Amino acid sequence: MARLEINSVSKAFGAARPADGLSLAVEPGEIVAVFGPSGSGKTVLLRMIAGMFEPDDGDILVGGRSVVGAPPERRGIGMAFQNFALFPHMTARDNIASGLRARAGGGDVAGRVAAISRLLKIEHVLGHAPRELSNGQKQRTALARALIGNPDVLLLDDPLRNVDAKLRYEMRLELPNLLRRGTAAVLYVTQDYREAMAIADRIAVLIDGRLTQVATPADIYAQPASVAIARLFGDPTINLAEVSPVAEHGMLLATVAGARMRLGAADGAAPAGACWLGVRPEDLAVSSASTDDAIPARILAVTPMHEKAVLLLRLADGTEWLAALPPDAPQGAADDAVFVRFAPDAAMLFDRATGLRIGASHRLKAA
Ligand SMILES: Nc1ncnc2c1ncn2[C@@H]1O[C@H](COP(=O)(O)OP(=O)(O)OP(=O)(O)O)[C@@H](O)[C@H]1O
């Protein structure tokens, strides 16, 4: 059992700075998803931990000991990659066993391969070469190889990227249980926010080589630290409008497309300057009835999506917003004139200049 600690780690490649003062601790048995856009530095972080290259600055500790400078096989780390990286000339069985030999290993190799293969449901393909395996079987083989040595730290680099949608869905459900059987500190890189939310205890959001928020999935969704993070989580993405809020009688108000909208209780004065107002599509209500606190809009398109219906709306000032409604809610049709509302506690405010969220959101609803 060992804790993974990343302390002020930086790495530059010429002008690119994919790691810029990263600090993060992962507890034994904890799964932390590293989530961020393409090119944000996720793979560079994993490679520094694994020892494929060293940081320019900062330290990486496993169980309190620095591993910087130590050879990869001495770091107590298991890894699985999006491209599986299996040895093509070896059977699945030997590929899995190689994870054991890479560590001090030995002992009952056959017994351990059998046990981990049973867990991952690949016993029937152990004699196959990688080219004879489906992508899902390759991924399970790669995972078995990473898990078999009971590593202190497990690094998973977008392991479900190359498997089909059905298997990805199943693995999202299975993986947390599988990973929590051990005591490894798990760093799980993904580009898919849903995967991060389904699998991780905490999500570390990496943007341009910096960790911009580290929190539970529910907190990140309900209380994103910045407008950039709010936009990364949610499908459809969060609706935004530029507003200049005012405080009146203890309530924060803002004009959105001509309508005076309540944004929750004001703690003192209104924020100075322009803000982004953010409202999640599922927090909008759409109806044909007009009231003071409703934004006039027109439906441009309705997309039924099984578990929800997504409405593309044009607000009175031309801004386009999306509403995600329960499929059985009255929806209307394209070109209908409607009115859009949201509850004050669904409103998030972000500073227009810095993008940072202003004040504590009253929203506690989980994703
Ligand atoms: N060995 C290297 N030499 C030079 N630049 C590199 C090297 N490895 C990564 N980079 C640069 O560092 C940045 C971050 O790359 P990285 O692969 O970590 O992104 P990522 O977040 O994993 O992206 P993706 O999700 O697309 O895999 C990129 O600009 C990349 O070009």
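All of these numbers come straight from a predicted model, not from anything done at the bench. All residue numbers here refer to positions counted from 1 along the written sequence of the relevant chain. In keeping with the model being predicted, local features are shown solely for residues with a pLDDT of at least 70 and side-chain atom pairs are shown and tallied solely at 80 or more, while totals for entire chains, interfaces and linings include all residues.

*Asks:* Give me the nonpolar core: which residues, what numbers.
*Replies:* Ala33, Val34, Val186, Tyr188 and Leu277 are the most contacted members of the largest nonpolar core, which totals 101 residues. Each of two domains, domain 1 (4-226) and domain 2 (239-351), supplies a minimum of three residues to this core. By definition, residues are in contact whenever their C-beta atoms, placed on the basis of the backbone, come within 7 Å of each other. When neighbours within four sequence positions are excluded, Tyr188 is seen to be in contact with Ile31, Ala33, Val34, Leu156, Ile199 and Ala200. As used here, a nonpolar core is made of buried Ala, Val, Leu, Ile, Met, Phe, Trp, Tyr and Cys residues. They are joined through C-beta atoms within 7 Å. Burial is judged by counting the other C-beta atoms within 10 Å of a residue's own C-beta: 20 or more makes it buried, 12 or fewer makes it exposed, and any count in between marks it as partly exposed, with every C-beta position built from the backbone. All domain edges in this entry derive from an automatic or database-based domain assignment.

*Asks:* Run through the domain arrangement of the chain, naming residues and quoting values.
*Replies:* Per the domain assignment, the segments of the chain are domain 1 (4-226) and domain 2 (239-351). Computed over C-alpha atoms, the centres of domain 1 and domain 2 are 40 Å apart.

*Asks:* So what's going on with the sheet that holds strand S21 (residues 348-351)? Residues and values would help.
*Replies:* Here the rule is simple: two strands pair whenever DSSP picks up at least two bridges between them. By definition, any uninterrupted DSSP run of H or I lasting at least four residues is a helix, any uninterrupted run of E lasting at least two residues is a strand, and each is numbered from the N terminus. Within the open sheet, the three strands sit side by side as S11-S15-S21. Their pairing is antiparallel. Strands at the two margins of the open sheet, each flanked by one partner only, are strand S11 (239-243) and S21. Ignoring strand direction, the axes of neighbouring strands in this sheet form an average angle of 30°. Here four bridges tie strand S15 (residues 275-279) to S21, and the two strands are oriented antiparallel to one another. Residue pairing for S21: Leu277 is matched across the bridge by Leu349. Every axis corresponds to a line fitted to the C-alpha atoms, with the helix fit spanning only the stretch in contact, and the corresponding angles, defined between N-to-C directions, vary from 0 to 180 degrees.

*Asks:* Describe the pairing of strand S7 (residues 153-157), naming the residues involved and giving the relevant values.
*Replies:* The buried fraction of S7 is high, at five of five residues. Of the two faces of S7, the one carrying Val153, Leu155 and Asp157 and the one carrying Leu154 and Leu156 are both buried. Of the strand pairs in this sheet, S7 and strand S8 (residues 185-190) are connected by five bridges, and their pairing is parallel. Each residue of the ladder has a partner; that of Leu155, found in S8, is Leu187.

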